[in-house]
Amino acid sequence: MQNSRTPKLTVVGAGPGDVELITLKAIKALENADVVLYDALVNEELLQYATQAEIVFVGKRLGCHAYTQDQINELIVSMANRYGHVVRLKGGDPFIFGRGSEEIEYSEKFGLETAVVPGISSALGVPASVGISLTQRKVAESFWVITGTTSSHELSKDVHLASQSAATVVILMGMHKLNEIVDIYKANRTDDLPIAIIQNGTKNSEQKVVGNISSITKLVAEKNISSPAIIVIGEVVKNTSRLTSYFQEHFEDEFIFQNLNL
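Computed from a predicted structure; not experimentally measured.

1. Remarks on the confidence of the model for the protein
Thought 1: With 88% of its residues at a pLDDT of 70 or more, the protein has an overall mean of 90.
Thought 2: Contacts for the low-pLDDT stretch residues 251-262, under 50 throughout, to residues beyond four places or in other chains number 24 contacts.

Structure (structure tokens):
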């Protein structure tokens with residue numbers, strides 16, 4: 001049957017993982033969707049809102065791609081022309097390392113109507129969920145959000161610059177570069193900065209580890225923390241009362257605890 005609906009793409013941010021952290025506008029988009037193309041970091045419970053849509057997983061993980069980005073772009077256009085309204089559901093916010101703008105630009109070349117529904121980025125939502133305030137009076141006046149791995153699979157050069165500032169630094173997709181990140185901070189900072197790493201933030205499977213630049217790689221190995229995770233570096237970490245309680249409960253090494261001055 002010929003599609004009578006206007007071909008449309010809505011790029012939607014699904015938030016950091018907790019299903020209750022999606023926006024009302026995002027839910028309405030899912031309810032109105034004819035097709036939903038969703039990523040690996042999306043909580044699949046959210047798909048319950050897409051009651052009338054064809055659901056397609058197009059997620060990408062390190063070394064394992066269901067579709068390449070070019071294939072996803074082509075799929076968006078073909079599905080929109082065939083069915084009508086395509087919702088591209090992405091973890092976090094689609095414009096924070098989500099390639100949402102690329103998909104919109106490609107779709108508009110083929111005449112698709114486009115829209116964006118912002119989401120809560122994991123860079124903001126995950127630290128907040130464990131009580132980390134990225135900015136704090138007299139502690140941190142700004143924060144950086146950096147990708148740990150560039151399109152060429154290298155560590156972003158911005159990490160070198162950020163490590164020389166007093167700003168809080170949030171690194172996404174950085175677990176495979178953790179040793180490099182630690183080495184850069186050791187080279188550029190005379191102080192031993194607090195660091196928190198949160199895996200599967202805001203989900204029931206969330207795990208977190210807190211330490212210093214000098215201790216974090218050992219702690220990550222001991223606690224078996226891996227991707228997907230975010231890295232938060234800065235003095236604001238040690239001013240977080242909720243992490244103080246966590247640290248007291250989970251770590252018996254008083255030397256590390258005293259080093260953090262928590």
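2. Concerning unusual backbone geometry
Most peptide bonds take the trans form, and the phi angle of most residues other than glycine is negative.
Thought 1: P228 follows S227 through a cis peptide bond whose omega is 0°.
Thought 2: Mapping P228 onto the fold places it in the loop between α7 (216-223) and β12 (229-233).
Thought 3: The phi dihedral of K138 is positive, around 70°, even though this residue is not glycine.
Thought 4: Mapped onto the elements of the fold, K138 is located in the loop between α4 (122-129) and β8 (143-147).

3. Thoughts on the pattern of salt bridges
Thought 1: Tallied over the full model, the rule gives 11 salt bridges.
Thought 2: When the shortest N-O distance is used, the salt bridge between K8 and E113 registers 3.9 Å. Placement of K8 in strand β1 (residues 8-13) and of E113 in strand β7 (residues 113-117) is noted, with a sequence separation of 105 residues between them.
Thought 3: In this structure E113 comes out as partly exposed when scored by relative accessible area, which is 41%.
Thought 4: Here R88 and E103 are joined by a salt bridge, their closest N and O atoms 3.2 Å apart. Pair noted here: R88 is in strand β6 (residues 85-90) and E103 is in helix α3 (residues 100-109), with a separation of 15 residues, a long-range link.
Thought 5: Taking the relative accessible area as the measure of exposure, R88 reaches 0% and is therefore buried.
Thought 6: E103 gets classed as buried once you look at its relative accessible area, which sits at 0%.
Thought 7: Because the salt bridges share partners, they merge into one network encompassing D39, R88, K90 and E103.

4. Observations regarding helix α2 (residues 69-83)
Thought 1: Between its terminal C-alpha atoms α2 stretches 21 Å, which fits the 21 Å expected from 15 residues at 1.5 Å a residue.
Thought 2: Of all the residues in α2, the buried ones are Q69, I72, N73, L75, I76, V77, M79 and A80.
Thought 3: With its phi angle positive at about 125°, G84 sits one or two positions after the end of α2.

5. Examining the sheet that holds strand β9 (residues 168-172)
Thought 1: Ordered in space as β8-β9-β12-β10-β11, the five strands form an open sheet in which the pairing is mixed. Of all strands in the sheet, those bounded by a partner on one side alone are β8 and β11 (207-212). Put simply, the sheet's adjacent strands are angled 15° from each other on average, direction ignored.
Thought 2: Summarising the sheet, strand β10 (residues 194-199) and β11 pair through six bridges and their orientation is antiparallel. Looking across to β11, one finds that I198 is bridged to K208.
Thought 3: Together, β8, β9, β10 and β12 form the strand contacts of α4, whose direction differs from that of β12 by roughly 75°.
Thought 4: Across the sheet, helix α6 (residues 178-188) is in contact with β9, β10 and β12; its angle to β12 comes to roughly 5°.

Criteria and cut-off values
Residues numbered from 1 in each chain as written. Predicted model: local features only at pLDDT ≥ 70, side-chain atom pairs only at ≥ 80, totals over all residues. Heavy atoms only, no water. pLDDT = per-residue confidence, 0-100. Contact = heavy atoms within 4.5 Å. Helix = DSSP H or I, 4+ residues; strand = E, 2+ residues; numbered from the N terminus. Salt bridge = Lys/Arg side-chain N within 4 Å of Asp/Glu carboxyl O. Buried < 20%, exposed > 50% of the residue type's maximum accessible area, 1.4 Å probe, protein only. Expected span 1.5 Å × (residues − 1). Pairing = 2+ DSSP bridges. Axes fitted to C-alpha atoms, helices over the stretch in contact; angles between N-to-C directions.

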